Amino acid sequence: MWRSICMATLIVAPAVAQADTIVENSGVSGFPGTFNFIGYNSSNVAFGQPVRSQFLEFGGRFHPSGSNADLAFGSSTTVTATQTVGANTVSFNVPYSNSIPDPNLFDRTIAYNSNLLGSWHLSVSNPGYTNTLQVNTLAIDPTIGVPPFITGITISGTSNTTTTPTLSWNAPAFTPPNGYHQNTKIFIIDLDHNRQTIFRQDLPSSQTTFTIPSSANLNPNGHYGVVIRDDYRIASTVATTGASSQSFFDFHPNAVSQFSGAVQVPVSSVNSVGQTVYSFNIDVSHGQSVNLDPAVALGYIFSVGNGNPNFASVRLPDLGMSHPYGLYLWNGSGYSFAQDLAANTLFTFAPGGVSTFEILGIDPSLGLDPNNSTAFVTQVTFTADGPFTGTMTAITAVPEPSTWAMLIVGFGGLGFISYRRKSKPSPLTA
């Protein structure tokens with residue numbers, strides 16, 4: 001952050017040398033001058049906000065040609081992208097992205113439009129420079145296809161490595177189209193500070209694990225997003241085009257499992273009634289223990305996705321509470337109390353398992369943040385092999401009667417219309 005400092009002697013910054021001109025980036029591996037590609041997102045939400053499932057992204061990287069540092073170059077530079085479609089000219093402003101690892105980036109994302117796959121003409125100007133740079137992107141091949149999505153990301157490490165955790169994932173094998181190469185890019189997003197990209201790195205396509213370096217400057221208590229992107233690319237020193245598939249995940253560096261093993265990292269979103277929903281996309285095996293790391297407040301609703309194997313068992317973490325959790329099972333019209341469930345105790349569901357269940361009784365005095373995915377790791381097993389694309393919904397309060405209709409809508413009309421509690425005093429009572 002740049003701050004003004006009062007000094008006895010006035011220091012005047014040197015003016016930008018007029019001999020300097022605007023140039024596009026070239027000769028830097030992984031950082032071409034212009035780009036134009038089709039993008040696909042693994043989810044319709046990214047870090048709690050809606051995103052397009054398919055989009056177009058284009059722009060370039062531009063900077064002064066001379067050695068003088070011009071800290072205001074990005075914010076004072078105008079980049080305009082135009083493309084002629086039939087008798088019409090389409091024009092977009094391409095904004096400066098202010099990315100820490102890529103400070104020269106000007107990037108624009110728009111909804112997918114099959115009529116706009118051609119080359120963009122980019123006009124780059126800045127009042128401090130004498131030239132207006134004119135460059136063209138490459139066109140997009142409409143038959144390129146969709147790179148496969150990364151799935152099943154986990155976070156691991158110890159209390160001594162919270163600022164340099166290790167991320168692991170599943171990378172489906174695939175062959176890029178003729179003339180294209182494939183690579184993987186990883187981006188770290190600071191979700192506590194304007195969703196700014198603070199780190200990026202190109203990885204070999206075969207790599208499925210990455211330890212975030214100390215140079216990323218992670219805060220152990222911070223909230224971060226990770227984007228792992230699979231690319232089909234035609235790349236040269238100055239231009240690239242192709243297709244990208246982006247997978248989103250949330251993580252907190254200090255996430256330490258209450259149980260042994262790595263912790264599965266979810267994608268977060270907010271449903272129509274304002275509840276935090278964590279979504280997973282992993283492959284599971286019969287009897288395999290999986291550590292899920294969702295948000296936590298007063299309780300959760302756990303649900304499998306369509307076609308997923310059912311939950312076979314559950315084990316809940318020890319938060320130091322003096323009372324047990326309450327386990328509630330779906331009876332066809334609402335959740336009904338099943339039994340008390342002690343911490344760190346394996347509970348096995350009836351043969352065939354269950355597709356959804358609810359946990360209540362988390363002590364509100366613990367002050368667990370529903371947007372902090374580090375405090376409550378839940379271990380589950382499944383009745384069969386297969387994908388798990390289910391969700392965990394954080395409960396921040398027992399709903400008032402007036403909110404039941406909204407909850408029915410918010411849960412997709414599944415009829416989550418009643419919470420039945422035992423007659424003894426509940427820790428959820430206000």
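Only a predicted model underlies this, so the values are computations on that prediction, with no experimental measurement involved.

## Observations concerning the overall build of the protein
- Helix and strand counts for the protein stand at 2 helices and 31 strands.
- Sorting the 430 residues of the protein into buried and exposed places 47% on the buried side.
- Long-range pairs, those at least 24 residues apart, make up 73% of the contacts in the protein between residues at least 6 apart in sequence.
- As displayed, the protein offers around 19,900 Å² of accessible surface, 52% of which is attributable to carbon and sulfur atoms.

## Things to note about the layout of surface pockets
- Considered as a void within the structure, the largest pocket measures approximately 1,200 Å³ in volume.
- In terms of lining residues, the largest pocket is bounded by 44 residues, among which Glu57, Asp107, Thr197, Arg229 and Gln246 are the most central.
- Those elements that place two or more of their residues in the lining of the largest pocket are strand 2 (34–41), strand 4 (49–50), strand 5 (54–64), strand 8 (105–111), strand 13 (181–190), strand 14 (196–203), strand 16 (224–235) and strand 17 (239–251).
- With 5 residues, the top contributor of residues to the lining of the largest pocket is strand 13.
- Grouping the constituent residues of the lining of the largest pocket by class yields 17 nonpolar, 15 polar and 12 charged.
- Two domains each provide a minimum of three residues to the lining of the largest pocket, namely domain 1 (22–136) and domain 2 (162–251).

## Looking at the sheet that holds strand 10 (residues 133–136)
- Strand order across the open sheet formed by 4 strands is 7-6-9-10, with antiparallel pairing between neighbours. Each end of this open sheet is capped by a strand with a single partner; those strands are strand 7 (88–93) and strand 10. Across this sheet, the average inter-strand angle for adjacent strands is 20°, counted without regard to direction.

## Comments concerning the confidence of the model for the protein
- Residues of the protein with pLDDT of at least 70 account for 77%, and the chain-wide mean is 78.
- Low pLDDT, under 50, characterises residues 1–18; the predicted model gives this stretch 7 contacts beyond four residues in sequence or across chains.
- Scored below 50 in pLDDT, residues 398–430 shows 60 contacts in the model against residues more than four places distant or in partner chains.

## Quick word on the side chain of Ser245
- Within the secondary structure, Ser245 sits in strand 17.
- Among the polar contacts listed, one links the side chain of Ser245 to the backbone oxygen of Pro147, at a separation of 2.4 Å.
- When neighbours within four sequence positions are excluded, Ser245 is seen to be in contact with Tyr40, Val146, Pro147, Pro148, Phe149, Ile228, Arg229 and Asp230.

## Overview of the pattern of salt bridges
- Going through the model one piece at a time under the given rule, you end up with 4 salt bridges.
- Linking Asp231 and Arg229 is a salt bridge whose minimum nitrogen-to-oxygen distance equals 3.0 Å.
- Given a relative accessible area of 0%, Asp231 falls into the buried group.
- The salt bridge partner of Arg233 is Asp231, with a shortest N-O separation of 3.9 Å. By the burial criterion, Arg233 is buried, and Asp231 matches it.
- Salt bridges linked by common partners bring Lys185, Arg229, Asp231 and Arg233 together as one network.

## Considering the packing of aromatic side chains
- Evaluation of the coordinates by the stated rule reveals 17 aromatic pairs.
- Seen from their ring centres, Phe73 and Tyr129 are 5.6 Å apart, and the 90° between their planes marks the pair as edge-to-face. Of this pair, Phe73 sits in helix 1 (residues 73–76) while Tyr129 sits in the loop between strand 9 (121–125) and strand 10; the two residues are 56 residues apart in sequence, bridging distant segments of the chain.
- The exposure class of Tyr129 is buried, given its relative accessible area of 6%.
- Taking NZ or CZ as reference, Arg233 lies 4.4 Å from the ring centre of Phe37, over its face.

## What to know about the pairing of strand 12 (residues 166–170)
- Residues Leu167 and Trp169 point to one face of strand 12 and are all buried, whereas Thr166, Ser168 and Asn170, pointing to the other face, are not buried.
- Pairing of strand 11 (residues 151–156) with strand 12 involves 4 bridges; the strand directions are antiparallel. Following the sheet pairing, Thr151 is matched in strand 12 by Asn170.
- Note that strand 12 and strand 15 (residues 209–211) share 3 bridges and pair antiparallel. Residue pairing across strands places Thr166 opposite Thr211, the latter belonging to strand 15.

## Thoughts on the pairing of strand 24 (residues 311–315)
- Counting buried residues along strand 24, 4 of its 5 residues qualify, which places the element largely inside the surrounding structure.
- Pairing geometry for strand 24 and strand 29 (residues 378–382), over 4 bridges, is antiparallel. When the sheet's bridge partners are listed, Arg315 is paired in strand 29 with Gln379.
- By the bridge criterion, 2 bridges tie strand 24 to strand 27 (residues 347–348) in an arrangement that is antiparallel. Its bridge partner lying in strand 27, Ser313 is registered against Thr348.

## A word on the environment of Ile212
- Secondary-structure assignment places Ile212 in the loop between strand 15 and strand 16.
- Distance from Ile212 to Thr163, taken between C-alpha atoms, is 7.9 Å for residues 49 residues apart in sequence.
- Aside from chain neighbours lying at most four places away, what touches Ile212 is Thr163, Thr164, Pro165, Leu167, Ile188, Leu218 and Phe251.

## What to know about the environment of Ser159
- Along the chain, the position of Ser159 falls in the loop between strand 11 and strand 12.
- Counting along the chain gives 61 residues from Ser159 to Pro220, while the straight-line C-alpha distance between them is 9.5 Å.

What counts and how
Residues numbered from 1 in each chain as written. Predicted model: local features only at pLDDT ≥ 70, side-chain atom pairs only at ≥ 80, totals over all residues. Heavy atoms only, no water. Helix = DSSP H or I, 4+ residues; strand = E, 2+ residues; numbered from the N terminus. Buried < 20%, exposed > 50% of the residue type's maximum accessible area, 1.4 Å probe, protein only. Contact = heavy atoms within 4.5 Å. Areas by Shrake-Rupley, 256 points an atom, 1.4 Å probe, with all protein chains shown as cover. 1 Å grid on protein atoms, 1.4 Å probe; cavity = no way out; pocket = protein on both sides within 12 Å on 5 of 7 lines; lining within 4 Å. Points joined across faces, edges and corners; volume = space filled by probe spheres on them. Nonpolar A, V, L, I, M, F, W, Y, C, P; charged D, E, K, R; others polar. Domains from an automatic or database assignment. Pairing = 2+ DSSP bridges. Axes fitted to C-alpha atoms, helices over the stretch in contact; angles between N-to-C directions. pLDDT = per-residue confidence, 0-100. Polar contact = N/O pair within 3.5 Å; in protein donor to acceptor, adjacent residues only side chain to side chain. Salt bridge = Lys/Arg side-chain N within 4 Å of Asp/Glu carboxyl O. Phe/Tyr/Trp six-rings, centres within 6.5 Å; stacked < 30°, edge-to-face > 60°. Lys NZ or Arg CZ within 6 Å of the ring centre and 35° of its normal.

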